[in-house]
Amino acid sequence: MGGKRNSPGRPRPRGERRQAAYVEQFYTLLFSHPAVEAITWWDLMDGGWQGAPAGLIRADLSPKPAFQRLLALVKGKWWTRAALRTEADGRCRIRGFLGDYQVTAVTPAGTETRQFKLLKGTNQVELQLIK
């Protein structure tokens, strides 16, 4: 069974658009499922496994639409950013994704920055800042 191998050097816009749509749908499904703890993408660059154009970047190292779509999800839609004010008791609430956080508190006494991790199974983090 002879056949023509895929050529990773030649972009195929329609295939790349379809790949981007599938990546967004599949990663969104995986990210939303509580049993999923990690996702691995094999072949970052086109041309790896059987010469397939299955990477997130082309053989010339230019990003494909799938790369841009995944970046927009991870560093955009799934990235928690907020500016909050504390209540009278000094507390504030935010709903965020699991991961590493940096909080900067600005008070009349000064500015202080702290880091913390929001881990699976935790629903509250308490930081004691400037006294």
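Described in the following lines is the structure provided in the data block. In this text the structure is predicted, and so the values were computed from the model without any measurement. (Residues numbered from 1 in each chain as written. Predicted model: local features only at pLDDT ≥ 70, side-chain atom pairs only at ≥ 80, totals over all residues. Heavy atoms only, no water.)

1. Section: the pattern of salt bridges
Here's step 1: Per the counting criterion, the structure on display carries seven salt bridges.
Here's step 2: Glu 24 is the partner of Arg 69 in a salt bridge, and the nearest nitrogen-oxygen pair spans 2.6 Å. On the criterion of sequence distance, the pair formed by Arg 69 in helix 2 (residues 65-77) and Glu 24 in helix 1 (residues 13-32) is long-range, its members being 45 residues apart.
Here's step 3: By relative accessible area, Glu 24 is classed as partly exposed at 27%.
Here's step 4: The partner of Asp 100 in a salt bridge is Lys 117, and the shortest N-O contact between them spans 2.6 Å. (Salt bridge = Lys/Arg side-chain N within 4 Å of Asp/Glu carboxyl O. Helix = DSSP H or I, 4+ residues; strand = E, 2+ residues; numbered from the N terminus. Buried < 20%, exposed > 50% of the residue type's maximum accessible area, 1.4 Å probe, protein only.)

2. Side note on the environment of Asp 100
Here's step 1: Within the secondary structure layout, Asp 100 lies in strand 1 (residues 99-107).
Here's step 2: For the pair Asp 100 and Phe 116, spaced 16 residues apart in sequence, the C-alpha separation works out to 6.0 Å.
Here's step 3: Aside from chain neighbours lying at most four places away, what touches Asp 100 is Phe 116 and Lys 117.
Here's step 4: In this structure the side chain of Asp 100 is engaged in a polar contact, spanning 2.6 Å, whose partner is the side chain of Lys 117. (Contact = heavy atoms within 4.5 Å. Polar contact = N/O pair within 3.5 Å; in protein donor to acceptor, adjacent residues only side chain to side chain.)

3. Some thoughts on a nonpolar patch on the surface
Here's step 1: There is a patch of nonpolar side chains on the surface, built from Leu 44, Met 45 and Leu 61 and spanning about 290 Å² of accessible area.
Here's step 2: The residue Leu 61 is located in the loop between helix 1 and helix 2 in this model.
Here's step 3: In this structure Leu 61 comes out as exposed when scored by relative accessible area, which is 57%. (Patch = residues over 30% accessible without salt bridge, like charges linked within 9 Å, V, L, I, M, F, W, Y side chains within 5 Å. Areas by Shrake-Rupley, 256 points an atom, 1.4 Å probe, with all protein chains shown as cover.)

4. Focus on the pairing of strand 1
Here's step 1: Relative to strand 2 (residues 110-118), strand 1 runs antiparallel, the two sharing nine bridges. By the bridge assignment, Val 103 is partnered in strand 2 with Arg 114.
Here's step 2: The antiparallel pairing of strand 1 with strand 2 creates a hairpin that spans two residues between the two strands. (Pairing = 2+ DSSP bridges.)

5. Details of the side chain of Gln 19
Here's step 1: By the element assignment, Gln 19 lies in helix 1.
Here's step 2: Taking relative accessible area as the criterion, Gln 19 reaches 14% and is therefore assigned buried.
Here's step 3: Among residues more than four places away in sequence, those in contact with Gln 19 are Trp 41, Pro 53, Ala 54, Gly 55, Lys 64 and Ala 66.

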